[in-house]
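This is what each chain is made of:
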Protein chains: 2
Amino acid sequence: MNSPLSQLGLRTAPPAISWLMSLTLGHPQLISLAAGFTDNASLPVDEARALLDEILSAPRTGQPALQYGSTAGDPLLRELTAKRLSALDAPVAAGVPPAVEPGVPPGGKKATNAKTARKNDSHLKSASPLPGGRMPPTTAGGTPAATITPDRLLITHGSQQLLYLLTEALCDPGDIVLVEDPTYFVYLGIAQSHGLRCRGVRLLPDGIDLAHLEQVLEELRRSGDLPRMKLLYLVTYYQNPTGYTTSYAKKAAALKLLRRYEKFAGHPLYLLEDAAYRELRFSGDDIPSALTAPGGTDRVLYAGTYSKPFATGIRVGFGVLPEPVLTTATRIKGNHDFGTANLLQQLLSRALATGAYERHLAELQRRYALKARVMTDAVRAHFPADVEWREPAGGLYVWARTPKRLRTGPKSQFFQTALKQNVLYVPGVLCYADDAVRRKPDHEMRLSFGGAGEQDITEGIKRLGTVLSI
Amino acid sequence: MNSPLSQLGLRTAPPAISWLMSLTLGHPQLISLAAGFTDNASLPVDEARALLDEILSAPRTGQPALQYGSTAGDPLLRELTAKRLSALDAPVAAGVPPAVEPGVPPGGKKATNAKTARKNDSHLKSASPLPGGRMPPTTAGGTPAATITPDRLLITHGSQQLLYLLTEALCDPGDIVLVEDPTYFVYLGIAQSHGLRCRGVRLLPDGIDLAHLEQVLEELRRSGDLPRMKLLYLVTYYQNPTGYTTSYAKKAAALKLLRRYEKFAGHPLYLLEDAAYRELRFSGDDIPSALTAPGGTDRVLYAGTYSKPFATGIRVGFGVLPEPVLTTATRIKGNHDFGTANLLQQLLSRALATGAYERHLAELQRRYALKARVMTDAVRAHFPADVEWREPAGGLYVWARTPKRLRTGPKSQFFQTALKQNVLYVPGVLCYADDAVRRKPDHEMRLSFGGAGEQDITEGIKRLGTVLSI
């Protein structure tokens, strides 16, 4: 008897995360620096209790929270989200230069190999007058970006659902998506299950290597594959897994480059900006979204979430989308579940409206700043000098690179020895797309300071350091 | 420039429901007997408040509710759901005869046209010793069905999400699903978006016409299409849109018939049992699920929900699934959203564990019984005698059939006149799959007593009656 499964069903592989979780179950004493869980002690238990109590204390507010809503999402939550995003992006909305400095030809003819690009990247960084590559507010020149309006939003069960909906809306089996090298591994799971071909674009500490992006686009143009390319997926803030943040200049340059190649693709080439960690910032300034860059309104698919900054058990994410993607994704969402659970949406609406969200976020940022420092202090103390890593400015992760001779993959001696010492990390190799043109690097680790307590972070890093020094 | 959308994106049509909702917006005075909303006044506002307050009153219970959980779902909710389902199905689990009486050859050679089938169907009904076609508990003969264990369950964001996941897991574009004629129109939306071909099977008041089912299977076998068929979708309790309930004998017979055709399909043929309205029963007995029928454990995909019986703003549904469907659907769910929002799951767990769910359900059943009677009283008083309809024993709907000359479709004079009188119903034609072998009936209406208040129900039916009598 044949399998009854569909092609998608047959393709969909077990998620890397379930393999890691099964290891956790088998090792009750394990210190997990692998899980992307948020900090238990930081969860807004009291806040959620008070907010829900308010909502459910009267039928006028309680009944709508327990009833169906619209597929696009709670109107108030969309309004508050649009306002919040507009405010975050305000410096640019007020008018900013087209964001790519002279002297850095994004995707220009000269910058077609990695070394040149790396030089350009550092130039970009030093030319950026504010921390994080933020552009200064100005009214001179440039196209003022439109303020974000609620009708551009779709509320989803976490931003993960949005990534799924967008994949369904845009990608057929065999289509191509460009991803950062490395990237968010659950997105790779979605791409894999849909039979997509991924092409990795080299990632630098301030975002993708623009020259490499152009090189990949150029290869796709030459091979005639560009009509199958749909989007470039970037995790732009405190990226999962590296913690790197994409500079504003790079977002704008990537958009411009995509636009240039559209005539060869024959259709829009989108920049899917995954901003899941944007609000988990604990040092430096926020960077405006790609929505505000020239052409951003039409070509950026912005994915945001309230789950990580508020509570992961309350799955509420959102997208800011151009047409025809918005209408299509909303229709598909209607087929998925009619709309996000209203109780969760109204809880978030009230958290935003009352200021409880902002207060919680400030506390969370303080907490993660502390835990990040605990981890980096331990790394500094216990890791050998030949392991490379950076101080994160937000998010949940420290990315560490061992010397190339020391492999970190699931079957490596290092991973197995660490496991025997009851420490778990995410092997870097899991975060690289299948891409035939390069070997997957296998000497990196994602270390999360999200879920583990401070003592466990220190002890876990210390044990890893011991194994690294063997 | 070409469209950037995928084939699925291009196919996904605007849902019928959004067109109906746009009519609602344009007519603020409208009495909607169209919406599948549940009764606002019945929503468990106080209960949800108390339960959430308990959960969030201590970090020990509050933190897990606000944290990520597993993709398959909260272990306690799966356990309580498995127990609850096992108890509902207990009379059969204790042992029951193979459930198809002698004299009714299910799919037998004699019953290959509708007239014979109809005779057999009435025979089935009269032979059924308990209301609703329930079989008496017995230990004699038959295969005792296994008790449902938690490891067979997947918790989803409403049972709608489960229907979507199962479609993804099993169906490729061009595949065939068999549906009731008429059926739940949002399922038709899922099928349409996935490029599936639907074949309608005639629906009688006690479930599908078995002879017609066999006829369709036989046609598919002869045309060589059976290898493309994946499942038979039945809404078995107080069906949306008709309110009809499938007898136990028919479920068992349908399963047996599907099994017989598997050798021609080359793969399992599933019975997808959508039990969304099972608990909204207000007269007669419950009927055991198809899971308990011979072969049910391996071939039934059972879809249940807590949203309708508790609160539609709390989207929690579940599936009981055999392998390899369970593992595949769970993996796909992981790509969708990692798992159902934990806050919602823990709220339901507590509602079930404390008895709050049962108490609310009893109250809801009383309330819907009353509202159903309000509607049927009004129908009896105001509809002409040539309109056919039945007293519902559960669910949210009355299905009314006008004489064939009186069309009820969206463009019909009747629908437009009703709209001018500020009354909205769901035109029956929307509930029929595209199936080239028959014309869609266009002289039926789905009348919901779920969302509207009692006065509105009476007034709405009265106005419809007036228009019907013109």
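Read on for an overview of the structure. (Residues numbered from 1 in each chain as written. Chains lettered and ligands numbered in written order. Predicted model: local features only at pLDDT ≥ 70, side-chain atom pairs only at ≥ 80, totals over all residues. Heavy atoms only, no water.)

1. Points about the overall build of chain A
Then step 1. Across its full length, chain A carries 17 helices and 13 strands.
Then step 2. Looking at chain A as a whole, 62% of its 470 residues are labelled buried.
Then step 3. The contacts of chain A with a sequence gap of at least 6 include a subset with a gap of at least 24, amounting to 77%.
Then step 4. Surface accessibility of chain A: about 16700 Å² in total, with carbon and sulfur atoms responsible for 54%. (Helix = DSSP H or I, 4+ residues; strand = E, 2+ residues; numbered from the N terminus. Buried < 20%, exposed > 50% of the residue type's maximum accessible area, 1.4 Å probe, protein only. Contact = heavy atoms within 4.5 Å. Areas by Shrake-Rupley, 256 points an atom, 1.4 Å probe, with all protein chains shown as cover.)

2. Comments concerning the packing of aromatic side chains
The description of two aromatic rings rests on the distance between their centres and on the angle between their planes.
All names here are of chain A.
Then step 1. In this structure the tally under the stated criterion is 26 aromatic pairs over all chains.
Then step 2. Geometrically, the ring pair formed by Phe414 and Tyr425 is tilted, given 5.7 Å between the ring centres and 35° between the ring planes. Note that Phe414 is positioned in helix α16 (residues 413–420) and Tyr425 in the loop between β11 (423–424) and β12 (426–427), a separation of 11 residues in sequence. Neither residue differs from the other here; Phe414 and Tyr425 are each classed as buried.
Then step 3. Joined through ring pairs, the aromatic side chains of Tyr302, Tyr306, Phe310, Phe318 and Tyr357 make up one cluster. (Phe/Tyr/Trp six-rings, centres within 6.5 Å; stacked < 30°, edge-to-face > 60°.)

3. A word on the relation of the copies chain A and chain B
Then step 1. Once chain A has been moved 0.0 Å along the axis and rotated by 180°, it coincides with chain B to within an RMSD of 0.0 Å. This pairing of chains is accounted for by a two-fold axis.
Then step 2. Mapped onto chain B, 100% of the interface residues of chain A again fall at the interface, so both copies present the same surface. (Least-squares fit on C-alpha atoms with pLDDT ≥ 70 in both.)

4. Here we look at the interface of chain A and chain B
Then step 1. Tallying the contact residues gives 76 residues for chain A and 76 residues for chain B.
Then step 2. Between chain A and chain B, roughly 6700 Å² of surface is buried when both sides are summed, and carbon and sulfur atoms account for 62% of that area.
Then step 3. Considering only the side of chain A, the residues that lose the most area to chain B are Leu66(A), Tyr68(A) and Asn335(A), jointly responsible for 12% of the buried surface there.
Then step 4. Linking chain A to chain B there are 2 salt bridges. (Buried area = accessible area lost by both parts, 1.4 Å probe. Salt bridge = Lys/Arg side-chain N within 4 Å of Asp/Glu carboxyl O.)

5. Observations regarding the pattern of salt bridges
All names here are of chain B.
Then step 1. Applying the stated criterion across every chain, the model contains 64 salt bridges over all chains.
Then step 2. Ionic pairing is found between Glu79 and Lys83, a salt bridge with its closest N-O pair at 3.3 Å. In this pair, Glu79 and Lys83 both sit in helix α5 (residues 75–88), 4 residues apart, roughly one turn of the helix.
Then step 3. For Lys83, a relative accessible area of 53% gives the class exposed.
Then step 4. Of the charged contacts in the structure, one is a salt bridge between Glu459 and Arg463, with a shortest N-O distance of 3.0 Å. Of this pair, Glu459 and Arg463 both sit in helix α17 (residues 454–468), separated by 4 residues, roughly a single helical turn.
Then step 5. Assessed through its relative accessible area of 32%, Glu459 is described here as partly exposed.

6. Considerations on the sheet that holds strand β13 (residues 444–448) of chain A
Residues and elements named next belong to chain A.
Then step 1. Taken together, the 3 strands give an open sheet; going across it, the order is β10-β13-β12, and neighbouring strands pair in antiparallel fashion. Pairing within the sheet leaves two strands with one partner each, and these edge strands are β10 (397–401) and β12.
Then step 2. The pairing of β10 with β13 spans 5 bridges and is antiparallel. Residue Val398 lies in a different strand from β13, and its bridge partner there is Leu447. (Pairing = 2+ DSSP bridges.)

7. Considerations on the sheet that holds strand β4 (residues 197–204) of chain B
All names here are of chain B.
Then step 1. In spatial order, the strands read β2-β9-β8-β7-β6-β3-β4-β5; together these 8 strands make up an open sheet with mixed pairing. Bordering the open sheet on either side are β2 (153–156) and β5 (207–208), each of which pairs with just one other strand.
Then step 2. The strands touched by helix α10 (residues 210–223) within the sheet are β3 (176–181), β4, β5 and β6 (229–235), with β4 carrying the most contacts at an inclination of about 160°. (Axes fitted to C-alpha atoms, helices over the stretch in contact; angles between N-to-C directions.)

8. Remarks on the state of the cysteines
Cysteine pairs can be covalently joined through their sulfur atoms, and such a bond is termed a disulfide.
Residue and element names in this part refer to chain A.
Then step 1. Scanning the model with the defined rule gives 0 disulfides over all chains in all.
Then step 2. Between Cys198, a cysteine without a disulfide, and Cys171, which holds the nearest cysteine sulfur, the sulfur-to-sulfur distance is 9.3 Å.
Then step 3. Cysteine Cys431 shares no disulfide, and the gap to the nearest cysteine sulfur, in Cys198, comes to 13 Å. (Disulfide = S-S within 2.5 Å.)

9. Side note on the environment of Thr376(B)
All names here are of chain B.
Then step 1. The topology assignment puts Thr376 in helix α15 (residues 356–382).
Then step 2. Sequence separation of Thr376 and Val398 is 22 residues, and the distance between their C-alpha atoms is 7.9 Å.
Then step 3. Filtering out sequence-adjacent residues up to four positions away, Thr376 remains in contact with Trp389, Glu391, Pro392 and Val398.
Then step 4. Looking at Thr376, its side chain comes within polar contact range of the main-chain oxygen of Arg373, at 3.2 Å. (Polar contact = N/O pair within 3.5 Å; in protein donor to acceptor, adjacent residues only side chain to side chain.)

10. Details of the nonpolar core
Then step 1. Ranked by internal contacts, the top residues of the largest apolar core, which has 297 residues, are Leu447(A) and Leu447(B).
Then step 2. Filtering out sequence-adjacent residues up to four positions away, Leu447(A) remains in contact with Leu33(A), Met375(A), Phe383(A), Leu396(A), Tyr397(A), Val398(A), Ala400(A), Tyr425(A), Ile461(A) and Leu464(A). (Core = buried A, V, L, I, M, F, W, Y, C linked by side-chain atoms within 4.5 Å.)

11. With respect to unusual backbone geometry
Then step 1. Cis geometry marks the peptide bond from Asp181(B) to Pro182(B), where omega comes out at 5°.
Then step 2. Cis rather than trans, the peptide bond between Asn240(B) and Pro241(B) has omega equal to 20°.
Then step 3. Residue placement: Pro241(B) occurs in the loop between β6 and α11 (248–265).
Then step 4. Even without a glycine there, the phi angle at Phe338(A) is positive, about 70°.
Then step 5. The residue Phe338(A) is located in the loop between α13 (325–337) and α14 (342–354) in this model.
Then step 6. Residue classification places Phe338(A) among the buried positions, given a relative accessible area of 16%.
Then step 7. Its identity as a non-glycine residue notwithstanding, Asn422(B) has a phi of 60°, on the positive side.

12. Quick look at the packing of helix α5 (residues 75–88) of chain A against α14(A)
Residue and element names in this part refer to chain A.
Then step 1. Contact geometry for α5 and α14: axes closest at 9 Å, N-to-C directions at 45°. The pairing of α5 with α14 is recorded here as oblique in orientation. As α5 runs across α14, the sense of the crossing is left-handed. Across the interface between the two elements, Leu76, Leu77, Leu80, Thr81 and Arg84 from α5 touch Gln345, Leu348, Ser349, Leu352 and Ala353 from α14.
Then step 2. Looking at the contact of α5 with α14, its residues break down into 6 nonpolar, 3 polar and 1 charged. (Parallel < 35°, antiparallel > 145°, perpendicular 65-115°, else oblique. Left-handed = near helix turned anticlockwise from the far one by under 90°. Nonpolar A, V, L, I, M, F, W, Y, C, P; charged D, E, K, R; others polar.)

13. Examining the environment of Asp377(B)
Residues and elements named next belong to chain B.
Then step 1. Tracing the backbone through its elements, the reader meets Asp377 in helix α15.
Then step 2. Counting along the chain gives 81 residues from Asp377 to Thr458, while the straight-line C-alpha distance between them is 8.3 Å.
Then step 3. There is a polar contact of 3.3 Å between the side chain of Asp377 and the side chain of Arg380.

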